[in-house]
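# Structural description and commentary
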Amino acid sequence: MGQMSKTRIKYICSNCGYESLRWLGKCPECDSWNTFTEEIIETNKRKPTAYKGILNIKKIDEIEGVEKNRITTGIGELDRVLGGGFIPGSVILLGGDPGIGKSTLAMQAASRINDKVLYVTGEESTAQIKSRAERLKIKSDNFFVLSETDLNIIIASINSLAPSLVIIDSIQTMYRSDLDNSPGTITQIRECTSQLMEMAKRNQVSVLIVGHVTKEGFIAGPKVLEHMVDTVIQFEGEAHHSFRILRAEKNRFGSTNEIGIFEMHEEGLTEVKNPSELFLSEREKDISGSAITASIEGTRPILLEVQALVTPSSFGNPQRVATGFDYRRLSILLAVLEKRSGLRLSASNVFLNMAGGVKITEPAVDLAVCCSIASSLTDKVVAGKTVLIGEVGLGGEVRSVGHIEKRIQEAQKLGFEKIIIPQNNMKSLKINSSMKILGVESLTEAINNAIK
Ligand code: TYD
Ligand code: MG
């Protein structure tokens, strides 16, 4: 059958993968500027032919599940974020800023697997990998290293070694020699990923793809990559802090709320099994504007400090800044505090911070956010050893939240003495606790009880 193959030039947004026939300054899809790059596109137009093979239809009961085949690393924080380990045949994208510790995490994970692992590096020499391995004290008979960037050679190596996990560090350095584009372009990143995905499914091997994040905070190369792979995990942290948070942004095989917490040491990453202790360790006791809450991240409760600073605004336009918390949610809570609890905030600057650099999206932290603001405004402290939990509604009512037992247990474990929770959660509470548990119906009631 005749096959038409032709090449032509297209312009592709390097952020989201939007394609255009001419160069554009601003991407109509994702609104970023100056992201269009010229790429050569090969178009193969083939007529579809009627399929003559055997159809592979199965009864649902006959299909084998994936859960029991998961490959675990024994690094609990990583396994949990993955949903219980690597699934054979799945492709995981590990994103993060350069220098955050992606290669370190990948190597530590690789060294803990009881089966062959192939670590493909396109960024470092094998000698550099060896020196990192020495630093991490990695000793493993199953750890294979390949320094290569040509994907065809990589695929051939995978076929001959037959590992159960392949690590590609990083996708930006890989290229397919059958394409004219240079490594790091969208076409290369996309085509390499799609070939790796196809190989993963065919060989039933897990592939961990490392990708750098651009300044704008996107996984470099296109957003399309995120749509292609099964799982996207993001490694975050600040350069001047030693702890790192691993977050599942997308997971076809698990929950996306899960986070894993690590600390970077001289000899690599260690797991933080008691994050509450870590997040509360730097807390200054008895200062105004601070409130403790118990948030559920995935399946695990974490105690966190919410910090607020309320200052008079000398100009007509008060500033509102939220770090680790939704800005719009903050605006709503400020309005509720003003209208329902009579706090004068419209002429104040409000700065809100989730201590420790975490990002919280669940409404159960509302009550602590409101109390930290009230505490800073009145310059009175939230009574020591009190934890606040509850969603705040527009009427100033405190609404019930999920997983209340887990939150209470975590607070008790860390030595808190009093916990303020929604009254509606009190009814179904099945817990024996030595802590004083107080149910509240309204925000005002909570503030009056917490701030003395
Ligand atoms: P690396 O894993 O190379 O980061 P990425 O692959 O994300 O670019 O690690 C980067 C930093 O981590 C590097 O600046 C050195 C530091 N580091 C440690 O502090 N301890 C260690 O054991 C290792 C291996 C690295
Ligand atoms: Mg690296």
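No experiment lies behind these values; they were computed from the predicted model shown. (Residues numbered from 1 in each chain as written. Chains lettered and ligands numbered in written order. Predicted model: local features only at pLDDT ≥ 70, side-chain atom pairs only at ≥ 80, totals over all residues. Heavy atoms only, no water.)

### Section: the site of ligand 1
In the neighbourhood of ligand 1, 16 residues make up the surrounding shell, with G99, S103, T104, H265 and G268 lying closest. A distance of 3.2 Å separates a nitrogen atom of ligand 1 from a polar side-chain atom of R135. Taken together, the elements giving at least two residues each to the shell around ligand 1 come down to α2 (102–111), α3 (126–135) and β11 (259–265). Looking at which element gives the most residues to the shell around ligand 1, the answer is α2, with 3 residues. For the shell around ligand 1, a count of residues per class yields 4 nonpolar, 6 polar and 6 charged. (Near = heavy atom within 4 Å. Polar contact = N/O pair within 3.5 Å; in protein donor to acceptor, adjacent residues only side chain to side chain. Helix = DSSP H or I, 4+ residues; strand = E, 2+ residues; numbered from the N terminus. Nonpolar A, V, L, I, M, F, W, Y, C, P; charged D, E, K, R; others polar.)

### Examining the environment of K430
Positionally, K430 belongs in the loop between α11 (423–427) and β21 (436–440). K430 sits in the exposed class, given a relative accessible area of 69%. In this structure, the C-alpha to C-alpha distance between K430 and I404, residues 26 residues apart in sequence, is 9.7 Å. (Buried < 20%, exposed > 50% of the residue type's maximum accessible area, 1.4 Å probe, protein only.)

### Overview of unusual backbone geometry
Of note, the bond from D169 into S170 is cis; its omega dihedral lies within 30 degrees of zero at -5°. Looking at the secondary structure, you find S170 in the loop between β7 (165–169) and α5 (186–203). A positive phi angle, close to 55°, is found at A162, a residue other than glycine. Examined against the element boundaries, A162 turns out to sit in the loop between α4 (151–161) and β7. Although it is not a glycine, H403 adopts a positive phi angle of roughly 50°. Locating H403 in the fold gives a position in the loop between β19 (398–399) and α10 (404–413). Here H403 falls in the partly exposed class, since its relative accessible area comes to 47%.

### Some thoughts on the packing of aromatic side chains
This model, assessed by the stated rule, comprises 3 aromatic pairs. Each ring, one from Y18 and one from F36, has its centre 6.4 Å from the other, and the planes form 90°; the classification is edge-to-face. Of this pair, Y18 sits in the loop between β1 (4–13) and β2 (19–20) while F36 is found in strand β3 (residues 36–45), placing the two residues 18 residues apart along the sequence. For F36, a relative accessible area of 6% corresponds to the buried category. Seen from their ring centres, F235 and F262 are 5.9 Å apart, and the 80° between their planes marks the pair as edge-to-face. One end of the pair, F235, is in strand β9 (residues 231–237); the other, F262, is in strand β11, and 27 residues separate them in sequence. Residue F235 is classed as buried on the basis of its relative accessible area of 2%. (Phe/Tyr/Trp six-rings, centres within 6.5 Å; stacked < 30°, edge-to-face > 60°.)

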